[in-house]
Amino acid sequence: MHVILTGGAGYIGTHTAVVLAERGHEITVIDDFSNSSPVALQRTAEIIGREVRVIEADLADREAARAAFSGLDADAVIHFAGLKAVGESVAEPTRYYRVNIDSTINVLDQMRERGINRLVFSSSATVYGNPEKLPIDESHRVGVGVTNPYGWTKAMIEQIIRDAQKIHPELAAVLLRYFNPVGAHPSGLIGEDPSGIPNNLMPFVAQVAVGKREQLSVFGDSYPTVDGTGVRDYIHVMDLAAGHVAALENSKPGVAAYNLGSGTGSSVLEVVAAFEAASGRKIDYRIVPARAGDVAEMVADPHKANTELGWRTELTLADACRDSWNWQSANPNGYAEQGE
Ligand code: NAD
Ligand code: WQD
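Everything in this summary refers to the structure shown in the same document. (Residues numbered from 1 in each chain as written. Chains lettered and ligands numbered in written order. Predicted model: local features only at pLDDT ≥ 70, side-chain atom pairs only at ≥ 80, totals over all residues. Heavy atoms only, no water.)

1. Quick notes on the overall build of the protein
Okay, so step 1: In terms of helices and strands, the protein carries 11 helices and 13 strands.
Okay, so step 2: Relative to the globule expectation of 20 Å for 340 residues, the C-alpha radius of gyration of the protein, 19 Å, shows essentially globular dimensions.
Okay, so step 3: Its C-alpha atoms put the protein at 55 × 45 × 40 Å along the principal axes.
Okay, so step 4: Restricting the contact set of the protein to residue pairs at least 6 apart, pairs at least 24 apart contribute 80%.
Okay, so step 5: Element-wise, carbon and sulfur atoms account for 48% of the exposed surface of the protein, whose accessible area totals about 14200 Å².
Okay, so step 6: The centroid of the 29 positive side-chain charges in the protein is displaced by 3 Å from the centroid of its 43 negative side-chain charges. (Helix = DSSP H or I, 4+ residues; strand = E, 2+ residues; numbered from the N terminus. Rg over C-alpha atoms; globule rule 2.2 N^0.38 Å. Contact = heavy atoms within 4.5 Å. Areas by Shrake-Rupley, 256 points an atom, 1.4 Å probe, with all protein chains shown as cover. Lys, Arg positive; Asp, Glu negative; His and termini not counted. Charge placed at Lys NZ, Arg CZ, Asp CG, Glu CD.)

2. A word on unusual backbone geometry
Peptide bonds are, in most cases, trans, and in most cases residues other than glycine have a negative phi.
Okay, so step 1: Between Leu 134 and Pro 135 the backbone carries a cis peptide bond, its omega angle lying at -10°.
Okay, so step 2: Mapped onto the elements, Pro 135 comes out in the loop between strand S5 (118-124) and helix H6 (149-166).

3. A closer look at the layout of surface pockets
Okay, so step 1: By volume, the second largest pocket is sized at about 170 Å³.
Okay, so step 2: Together, Tyr 234, Ile 235, His 236, Asp 239, Ser 262, Thr 264, Gly 265, Ser 266, Thr 313, Leu 315, Thr 316 and Leu 317 line the second largest pocket.
Okay, so step 3: Here the lining of the second largest pocket gets three residues from one element, more than from any other, and that element is strand S10 (residues 234-236).
Okay, so step 4: Tallied by class, the residues present in the lining of the second largest pocket amount to four nonpolar, seven polar and one charged. (1 Å grid on protein atoms, 1.4 Å probe; cavity = no way out; pocket = protein on both sides within 12 Å on 5 of 7 lines; lining within 4 Å. Points joined across faces, edges and corners; volume = space filled by probe spheres on them. Nonpolar A, V, L, I, M, F, W, Y, C, P; charged D, E, K, R; others polar.)

4. Some points on the nonpolar core
Okay, so step 1: Leu 5, Leu 20, Ile 78, Leu 176 and Leu 260 are the most contacted members of the largest nonpolar core, which has 43 residues in total.
Okay, so step 2: For this core, the secondary-structure elements that each account for two or more residues are strand S1 (2-6), helix H1 (11-22), strand S2 (26-31), helix H2 (38-48), strand S4 (76-79), strand S6 (172-178), helix H8 (237-249) and strand S11 (254-260).
Okay, so step 3: Looking at which element gives the most residues to this core, the answer is H8, with eight residues.
Okay, so step 4: In contact with Ile 78, not counting residues within four places along its chain, are Val 3, Ile 4, Leu 5, Thr 6, Thr 16, Leu 20, Val 120, His 244 and Leu 248. (Core = buried A, V, L, I, M, F, W, Y, C linked by side-chain atoms within 4.5 Å. Buried < 20%, exposed > 50% of the residue type's maximum accessible area, 1.4 Å probe, protein only.)

Put into structure tokens, the structure is as follows:
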């Protein structure tokens, strides 16, 4: 298949590009590089052994989206493009709604105009809000108790895709609800490169390990969990990438939602211990008050993806820490040559 990867220069897009290329698919990336570097695609090309076709465009701009899609004879789109920082979405809600929702609408319109009938969308476990039961399966209510505009864009986009599919019945749309993506390609050439202070746990821990940050703040230690710290379902980005290929290859007309997670929860302190073991470095931390909007525990029931997509996670938290450390230690400043 010829697959367009919107936002394909980003963290998950580059890793998915590698797995798609290994499976023999042709890829085209559309990205505006608002949160990524062209170096990431050079490194991706190095891994897959050929150039990656890239079109620079802001997909939230209707005309730019039309120009980007024109002339592309594609079979499928994996729609990664969007803004993803939870705290920033609270500070700049209209920008988040505009970029995430407009870019999706433009992608859907282009797909319909051009007869592209397969779509995989990067949704998030955040659409479940505060879980009613654990582990969370796909029948869990969506869009209730979502705590931030970023999460709302994902819940709204899921609905927009469902409505758009009704008038584009050949469309095979898959909503992938990622749990917590971590890790890096085992080569250490590509990985997660957050700009500024990392919001997410694993890149923060990696930066403490490499000496870029002094100390991790652990957000709360009185949750009703194994050790009082927050529990999440961490999924290695290579497993996540393989999940996209499985979703694409098994998609059928209609809309289907799948959790991509391991089914296993790990606490913040368990992640710290796993990273210390993988890196041989001490991770200094202190307990601080809980972060607003955080839930105690999020763990996927990945059974639906296991059975319907024939996909399951193969890599562990220890593998993710090893690969994250490999990437971070070889690239202490990410894709930048120096500084942040
Ligand atoms: P990322 O920021 O590394 O990648 C997103 C890419 O989209 C970037 O390369 C950015 O430049 C591009 N982009 C942003 N706005 C664009 C626009 N208007 N036009 C064209 N390109 C644009 O993020 P990621 O971690 O790779 O996440 C990919 C997707 O997965 C996002 O939609 C994100 O919300 C979703 N997701 C991520 C996580 C996570 O923890 N990383 C979890 C759940 C869901
Ligand atoms: C994990 C755990 C924190 C940082 C977010 C989004 C979600 C999805 C993934 C995009 C929690 C704790 C964190 C730190 C800490 N993204 N923590 N100190 O919050 O589960 O999910 O990223 O879709 O939508 O909400 O991930 O990595 O931020 O936090 O103690 O410096 O680590 O409290 O328990 P989260 P995270």
